[in-house]
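# Coordinates in review
One letter stands for each residue in the lines below.
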Amino acid sequence: MSRMLSLIPDATNIAWETKCREEDMKQRALENERRAIDDARRAVDEKAQQLKSLSHQSALIAGFCMILIVEISIPDDLHPALLLSFGCTTAMVVSLMLTSMLNATFMLVAILRYDAVRRDVSFERFWKNHCEDDWKLALRAFVFGIPLFCLVLAQIGWVKLWNFSDGSSWIWASSCISVIAV
């Protein structure tokens, strides 16, 4: 009889430990779910910051080139080939930067609508399936637009100093701007 009475506290301890273990497992599962939500939100925020940065830089450069086209005073005796080169280069910069900006903005809208709580699909898979190609296009347009923008800066010196009697002034201006830009 005394032996059976000594088993009762052991049985209650085992039941208590089992109950605590089950509660601990539920809490750990809840914490793991919270961590997964935080990881998904962190990934979304990181991509959102990258997209915002790309979009803002592209818009800034495109806006600068648009203002440049409108505000620059082009000499009347400018060589037509230089005028054509300047116009085409500036237009290409604007179109590449607008392509980059718009793609980045549309992707930003898409990823900000991603549901980090339900997560039907992981953010990495969502990014790869829906955004990766557009991201590459936006980044490629930006990367191709930057050297063209440097070329536009060099052409500004050439166009603005076209009328000076010293023929080397526009060469020096273009060279200096190109070196500074690089």
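First, a word on scope: everything that follows refers to the structure included in this document. Everything numeric here is computed off the predicted structure, so don't read it as measured data. Position numbers for residues start from 1 in each chain and track the written sequence from start to end. Per-residue local features are limited, in this predicted model, to residues with pLDDT of at least 70; the limit for side-chain atom pairs, both in listing and counting, is 80 or more; totals at the level of whole chains, interfaces and linings are taken over all residues. Where side-chain values are given, they derive from all heavy atoms of the structure, hydrogens and water being excluded.

### Describing the overall build of the protein chain
- Helix numbers and strand numbers start at the N terminus; a helix is a DSSP run of H or I with at least 4 residues, a strand a run of E with at least 2. Counting secondary structure elements, the protein chain contains 4 helices and 0 strands.
- Counting from the amino terminus, the protein chain carries its helices and strands in the arrangement α-α-α-α.
- Each residue is assigned to one of three classes by its accessible area relative to the maximum for its type, calculated with a 1.4 Å probe on protein chains only: buried under 20%, partly exposed between the two thresholds, exposed over 50%. Burial analysis of the protein chain (182 residues in total) assigns 29% to the buried set.
- Taking the intrachain contacts of the protein chain between residues at least 6 apart in sequence as the baseline, contacts between residues at least 24 apart amount to 81%.
- The Shrake-Rupley method, run with a 1.4 Å probe sphere, supplies the accessible areas, and residue values consider only the shown protein chains as cover. Carbon together with sulfur atoms contributes 63% to the accessible area of the protein chain, which is approximately 12,400 Å² in total. Only heavy atoms matter for contacts: two residues are in contact if any of them lie within 4.5 Å across the pair.

### Some details on the pattern of salt bridges
- Here, a salt bridge means any side-chain nitrogen of Lys or Arg that lies within 4 Å of a carboxyl oxygen of Asp or Glu. If you walk through the whole model with that rule in mind, you get 4 salt bridges.
- Linking R42 and D39 is a salt bridge whose minimum nitrogen-to-oxygen distance equals 2.8 Å. Of this pair, R42 and D39 both sit in helix 1 (residues 2-71), 3 residues apart, which is roughly one turn of the helix.
- Under the relative-accessibility criterion, D39 is labelled partly exposed at 45%.
- Note that D115 is salt-bridged to R118, the shortest N-O span being 3.6 Å.
- On the basis of relative accessibility, which here comes to 33%, the residue D115 falls in the partly exposed class.
- Judged by its relative accessible area of 59%, R118 falls in the exposed class.

### A closer look at a nonpolar patch on the surface
- Patches were defined on residues exceeding 30% relative accessible area and lacking a salt bridge, with like-charge contacts within 9 Å and nonpolar side-chain contacts (Val, Leu, Ile, Met, Phe, Trp, Tyr) within 5 Å. Taken together, the side chains of M66, I69 and V70 present a nonpolar region at the surface, about 280 Å² in accessible area.
- Inspection of the secondary structure assignment puts I69 in helix 1.
- On the accessibility criterion, I69 (41% relative accessible area) is partly exposed.

### A short note on the side chain of T89
- Considering the arrangement of structural elements, one finds T89 in helix 2 (residues 80-112).
- Look past the residues within four positions of T89 in its chain and what remains in contact with it is L148, L151, V152 and Q155.

### Observations regarding the side chain of T90
- With respect to the helices, strands and loops of the structure, T90 is situated in helix 2.
- Dropping the residues within four chain positions of it, T90 is found in contact with C65, I69 and V152.

### So, the nonpolar core
- Side-chain atoms within 4.5 Å link the members of a nonpolar core, which is a set of buried Ala, Val, Leu, Ile, Met, Phe, Trp, Tyr and Cys residues. Of all hydrophobic cores here, the largest spans 35 residues; its most connected members are L51, V93, I111, F123 and W127.
- Where this core is concerned, the elements lending two or more residues are helix 1, helix 2 and helix 3 (123-160).
- Sort the elements by how many residues they give to this core and helix 3 lands first, with 12 residues.
- When near neighbours in sequence (up to four residues on either side) are disregarded, F123 contacts A43, V44, K47, I111 and Y114.

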